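# Coordinates in review
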Amino acid sequence: MSGSWEKCGSKFKQHPLNPEEEGVLNHGLKLLKRRGLNASKDGSSMKKYKCLICDYIYDPAKGDPDHGINPGTAFENLPASWTCPECGAAKSDFAPVE
Ligand SMILES: [Zn+2]
């Protein structure tokens with residue numbers, strides 16, 4: 001009985017992904033990627049924000065590494081405790097740069 005189980009198992013492992021299955025997988029990946037792109041667009045996440053008090057520009061591509069903010073962090077995703085590195089203004093004192 002164990003012999004037949006082994007055969008069955010190895011057959012299953014060696015079974016290659018057929019093109020149809022692969023297509024479904026790739027399609028799913030594409031959908032996921034597209035959804036991710038849309039999310040960043042809709043959320044206007046990668047916009048630069050300007051401090052209204054000292055004109056410091058927060059650039060999401062650069063982040064604020066000195067204060068533990070990784071490059072690629074959208075302004076919306078900054079912690080509420082984050083303040084302007086130049087003058088200490090709160091997030092609410094920033095306006096998006098068009
Ligand atoms: Zn400032």
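The following refers to the structure shown. (Residues numbered from 1 in each chain as written. Predicted model: local features only at pLDDT ≥ 70, side-chain atom pairs only at ≥ 80, totals over all residues. Heavy atoms only, no water.)

What the protein contains, in helices and strands, is two helices and three strands. Secondary structure of the protein in N-to-C order comes out as α-α-β-β-β. Within the protein, the proportion of its 98 residues that are buried is 19%. The long-range fraction of contacts in the protein, counting pairs at least 24 apart against all pairs at least 6 apart in sequence, stands at 47%. (Helix = DSSP H or I, 4+ residues; strand = E, 2+ residues; numbered from the N terminus. Buried < 20%, exposed > 50% of the residue type's maximum accessible area, 1.4 Å probe, protein only. Contact = heavy atoms within 4.5 Å.)

What follows deals with the packing of aromatic side chains. All told, the structure shown has seven aromatic pairs when counted by the stated rule. Plain terms: the ring middles of Phe 75 and Trp 82 are 6.1 Å apart, the flat faces sit at 85 degrees to each other, and that makes the pair edge-to-face. Trp 82 matches Phe 75 in its accessibility class, with the two residues each being buried. Between Trp 82 and Phe 94 the ring centres are 5.3 Å apart and the planes differ by 55 degrees, which places this aromatic pair in the tilted class. Highlighted residues: Trp 82 in the loop between strand E2 (57-58) and strand E3 (94-97) and Phe 94 in strand E3, separated in sequence by 12 residues. The buried category is assigned to Phe 94, whose relative accessible area is 7%. The rings of Tyr 49, Tyr 56, Tyr 58, Phe 75, Trp 82 and Phe 94 are connected pair by pair, giving a single aromatic cluster. (Phe/Tyr/Trp six-rings, centres within 6.5 Å; stacked < 30°, edge-to-face > 60°.)

A word on the coordination of the zinc ion. Coordination sphere of the zinc ion, protein contribution only: Cys 51 (SG), Cys 54 (SG), Cys 84 (SG) and Cys 87 (SG), at 2.2 to 2.3 Å. Considering all four donor atoms around the zinc ion, angles at the metal cover 104 to 116 degrees and the coordination shape is tetrahedral. Counting the intervening residues between successive donors of the zinc ion yields the motif C-x2-C-x29-C-x2-C. Taking the relative accessible area as the measure of exposure, Cys 54 reaches 31% and is therefore partly exposed. (Donors = N, O, S within 2.8 Å, 3.2 Å for Na, K, Ca; no water. Tetrahedral: all angles 85-135°; square planar, octahedral: opposite > 155°, others 65-115°.)

Glancing now at the environment of Asp 66. Position of Asp 66 among the secondary structure elements: in the loop between E2 and E3. Using a relative accessible area of 73% as the deciding quantity, one classes Asp 66 as exposed. Each C-alpha atom, one on Asp 66 and one on Pro 85, is 8.6 Å from the other, the two residues being 19 residues apart in sequence.

Residue position: Glu 98 is located in the segment after E3. When the C-alpha positions of Glu 98 and Lys 50 are compared, they lie 10.0 Å apart, and in sequence the two are 48 residues distant.

A separate point is the sheet that holds strand E1 (residues 48-51). Sheets are built from strands that pair by backbone hydrogen bonding, the pairs being arranged parallel or antiparallel. Strand order in the open sheet formed by three strands is E2-E1-E3, with antiparallel pairing between adjacent strands. Each edge of the sheet is formed by a strand with only one pairing partner; in this case those strands are E2 and E3. The pairing of E1 with E3 spans four bridges and is antiparallel. In the sheet register, Lys 48 faces E3, and the bridge partner there is Val 97. (Pairing = 2+ DSSP bridges.)

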